[in-house]
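Chains, contacts and geometry: an overview
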Amino acid sequence: MAKAKNILFIMFDQLRWDYLSCYGHPHLQTPNIDKLAAQGVRFDRAYIQSPICGASRMSTYTGRYSNSHGATWNNVPLKVGEMTMGDHLRKAGMDCWLVGKTHMKADTEGLARLGIPPESKIGKRISECGFDVFERDDGMRPHGPDGLYDDHGAETYNAYLKAKGYEGDNPWHDYANSGLDDDGNVESAWFLKNSAKTANIAEEDSETPYMTRRGMEFIERAEGPWCCHLSLIKPHWPYIAPAPYAGMYGLQDMLPVVRTQEEYDTAHPVLKAMMTGPVGASFSRDEVRNAVVPAYMGLIKQIDDQMGVLFQWLKETGRWDDTMIVLTSDHGDYLGDHWMGEKQFFYDTSTRVPLIIYDPSPEADATRGTVSDALVESIDLPATFLDVAGGEAVPHILEGHSLLPILHGTATETPRDYVICEYDYSATTLPKTLGVPITQAQIFMLATKDWKLIHFDGGFRPMLFDLKNDPQELVDLAEDAAYAPVLDDLYAHFHAWALRPSRRTTCSEADFAEMRAKSRTTGVVLGTYDETEIAPDLVRHYVGRKARPWTETVNRTE
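**Quick word on the overall build of the chain**
In terms of helices and strands, the chain carries 20 helices and 17 strands. If you line up the chain on its principal axes, its C-alpha atoms span 105 × 60 × 60 Å. The buried share among the 558 residues of the chain stands at 57%. Relative to all contacts within the chain whose residues are 6 or more apart in sequence, the contacts with residues 24 or more apart total 71%. For the chain, the accessible area works out to roughly 24600 Å², and carbon and sulfur atoms hold 52% of it. In the chain, 54 side chains carry a positive charge and 81 a negative one; their mean positions are 5 Å apart.

So this is what it looks like as structure tokens:
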């Protein structure tokens with residue numbers, strides 16, 4: 001095996017960590033992803049930085065927490081000036097390309113203010129989260145009264161489907177994400193009852209095989225070293241699978257729902273508002289789970305099969321031996337657990353994600369097939385990639401840590417004691433429901449290996465879970481006085497994190513050390529009463545000098 005020359009960074013959308021057989025799912029077998037884990041390291045405590053697509057991805061791509069980069073919700077622009085993994089990797093001599101989704105929105109006002117044409121090379125990179133684009137597809141083309149959710153969503157994919165003979169103005173919806181009844185009526189998967197149907201599309205034309213092939217096309221043309229971000233939309237909703245994956249799983253294959261009536265009855269006010277909202281109320285119904293979960297499992301089985309195709313192709317083309325492969329997700333999916341749907345909030349169901357890294361280099365031989373218990377965050381990936389590319393570490397910009405020491409067996413932990421996740425719900429209806437000002441619609445999670453603290457702005461009490469004794473997070477202990485010392489300890493960590501100098505990105509610690517060392521050698525003399533109180537060399541330009549009175553030297557006019 002050779003040293004990793006390239007990086008294949010695979011991200012799925014809304015893939016739960018516990019819905020892979022290598023992470024313990026008893027019925028959903030994912031042998032191809034399991035084989036990758038057997039050749040690399042499976043991280044068991046990998047956490048995202050925000051439980052919403054856009055904000056989570058912006059943290060992963062920048063290597064920075066949400067409140068550092070500021071893009072805290074879907075379609076909140078990532079401001080001009082935020083460096084991304086593409087910027088760091090290109091500086092180290094590695095290209096960085098996108099095939100698939102980012103959910104990034106460009107800071108068009110920032111581009112205009114700086115006079116950067118969006119169509120220019122640098123303008124395109126800023127607009128695409130620092131990536132050069134082989135194909136961008138955020139995988140969403142819903143159509144409502146106000147028009148399309150995303151004017152360019154599934155644009156190239158729709159063109160592909162139309163060229164294949166799929167009819168209509170939006171085959172993404174009518175074929176890839178809908179069924180068909182006996183009378184030819186489209187059965188939209190936006191209606192969850194139709195999740196149990198079979199998508200009206202040939203399996204090879206559905207989204208996962210299509211984008212996987214596009215990734216292979218990029219790799220076939222690429223000249224290294226390169227990083228390819230292959231970002232697949234599934235198993236994100238709309239939940240519907242093509243044959244043979246539709247109907248592959250039934251009620252007997254579903255994991256038991258994780259929720260209790262007491263949890264619901266005593267829920268924190270903010271959490272209760274989520275539970276009783278439209279999505280939470282829907283996924284709390286058994287008929288919804290029974291339709292959705294088997295389809296979700298089928299989509300994951302299709303993902304695993306496509307990973308098998310991709311990995312075999314990498315081996316046949318020689319790329320397996322010089323390419324690091326990183327497989328992860330941007331967040332999970334509640335699927336009715338905790339009386340919730342979607343992903344917003346901080347249960348491990350959403351915030352804990354699969355992370356498997358295969359490094360072909362000989363240094364990684366000692367850790368192949370191992371499981372790491374280290375506290376890992378998604379923001380660790382850019383620092384890891386930069387390390388692989390041979391670039392100089394920039395900890396004043398990248399807030400994560402390289403995982404190469406763990407991959408190479410020289411460390412077992414990251415340098416952190418806790419992980420952080422943030423959720424800004426300003427753009428939702430919750431602030432109005434709860435009577436919370438937009439400026440206080442913030443929630444933060446801080447978790448150690450044993451405890452999880454959830455802090456709410458807006459005057460709400462915190463939540464506390466004992467992860468060691470209550471791994472399903474069903475009992476909130478925050479109001480139990482016996483756990484006040486635990487809360488105090490976690491809040492001390494939280495305050496230390498909140499006070500970090502994360503915006504100070506233009507100077508490194510080394511720069512400040514150099515400034516400090518040179519501060520007295522640049523001629524600035526403060527607090528010195530007499531020249532004998534300071535080293536002669538520091539004031540030699542100020543001592544022993546001669547000058548005439550100004551009245552003898554200055555020309556004056558009457």
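**Examining the environment of Pro-405**
Relative to the helices and strands, Pro-405 is located in helix H16 (residues 404-407). The class of Pro-405 is partly exposed, set by a relative accessible area of 31%. In this structure the C-alpha to C-alpha distance between Pro-405 and Ala-364, which are 41 residues apart in sequence, comes to 9.4 Å. Not counting the four nearest positions on each side in its chain, Pro-405 is found in contact with Thr-410 and Ala-411.

**Topic: the side chain of Arg-500**
Inspection of the secondary structure assignment puts Arg-500 in the loop between helix H18 (484-498) and helix H19 (509-518). Judged by relative accessible area, Arg-500 falls into the buried class, the value being 17%. In this structure the side chain of Arg-500 is engaged in a polar contact, spanning 2.9 Å, whose partner is the backbone oxygen of Trp-497. With near-sequence residues (within four places) excluded, Arg-500 lies in contact with Tyr-65, Asn-67, Ser-68 and Glu-399.

**Things to note about the packing of helix H1 (residues 31-39) against helix H13 (residues 286-316)**
With their axes 7 Å apart at the nearest point, H1 and H13 run at an angle of 55° to one another. In terms of axis orientation, H1 runs oblique to H13. Contacts from Pro-31, Asn-32, Ile-33 and Leu-36 of H1 reach H13 at Lys-301, Ile-303, Asp-304, Asp-305, Met-307, Gly-308 and Phe-311. Here the residues of the contact of H1 with H13 are counted per class, giving 6 nonpolar, 2 polar and 3 charged.

**Focus on helix H9 (residues 207-221)**
Taking 1.5 Å per residue as the helical rise, H9 with its 15 residues ought to reach 21 Å, and the 21 Å between its terminal C-alpha atoms agrees with that figure. Of all 15 residues in H9, 11 are buried, a share of seventy percent or more. All of the buried residues in H9 are Glu-207, Thr-208, Pro-209, Tyr-210, Met-211, Thr-212, Arg-214, Gly-215, Met-216, Phe-218 and Ile-219.

**Considering the packing of helix H7 (residues 155-163) against H9**
Where H7 meets H9, the axes come as close as 12 Å, and the angle between the chain directions of the two elements is 105°. Taken together, H7 and H9 sit at an angle that is classed as roughly perpendicular. On the side of H7, the interface is formed by Thr-156, Tyr-157 and Tyr-160, while H9 contributes Glu-207, Tyr-210 and Arg-213.

**Points about the packing of aromatic side chains**
Inspection of every chain in the model, using the stated rule, returns 32 aromatic pairs. Between Trp-17 and Tyr-23, the ring centres sit 6.1 Å apart and the planes meet at 85°, which makes this aromatic pair edge-to-face. Given the relative accessible area of 10%, Tyr-23 is considered buried. Ring centres of Phe-134 and Phe-218 lie 5.7 Å apart, and the angle between their planes is 70°; this geometry places the pair in the edge-to-face category. Taken as a pair, Phe-134 in strand S4 (residues 132-136) and Phe-218 in helix H9 lie far apart in primary sequence, 84 residues in all. Comparing Phe-134 with Phe-218 shows no difference in burial state: the two are buried.

**Side note on the sheet that holds strand S16 (residues 451-456)**
Whenever strands of a sheet pair, they do so through backbone hydrogen bonds, lying parallel or antiparallel. Read across the open sheet, the 4 strands follow the order S14-S15-S16-S17; overall the sheet is antiparallel. The sheet is open, and its two borders are formed by strand S14 (419-424) and strand S17 (463-466), each paired with just one other strand. Neighbour to neighbour, the strand axes of the sheet diverge by 15° on average, direction disregarded. Strand direction decides the pairing type here: strand S15 (residues 442-447) and S16, joined by 5 bridges, are antiparallel. By the bridge assignment, Phe-444 is partnered in S16 with His-455. Strand contacts of H18: S14, S15, S16 and S17, with the helix running at about 65° to S16, the strand carrying the most contacts.

What counts, and at which threshold
- Residues numbered from 1 in each chain as written.
- Predicted model: local features only at pLDDT ≥ 70, side-chain atom pairs only at ≥ 80, totals over all residues.
- Heavy atoms only, no water.
- Helix = DSSP H or I, 4+ residues; strand = E, 2+ residues; numbered from the N terminus.
- Buried < 20%, exposed > 50% of the residue type's maximum accessible area, 1.4 Å probe, protein only.
- Contact = heavy atoms within 4.5 Å.
- Areas by Shrake-Rupley, 256 points an atom, 1.4 Å probe, with all protein chains shown as cover.
- Lys, Arg positive; Asp, Glu negative; His and termini not counted.
- Charge placed at Lys NZ, Arg CZ, Asp CG, Glu CD.
- Polar contact = N/O pair within 3.5 Å; in protein donor to acceptor, adjacent residues only side chain to side chain.
- Axes fitted to C-alpha atoms, helices over the stretch in contact; angles between N-to-C directions.
- Parallel < 35°, antiparallel > 145°, perpendicular 65-115°, else oblique.
- Nonpolar A, V, L, I, M, F, W, Y, C, P; charged D, E, K, R; others polar.
- Expected span 1.5 Å × (residues − 1).
- Phe/Tyr/Trp six-rings, centres within 6.5 Å; stacked < 30°, edge-to-face > 60°.
- Pairing = 2+ DSSP bridges.

Remember that the coordinates give geometry; whether it matters functionally is a separate question.
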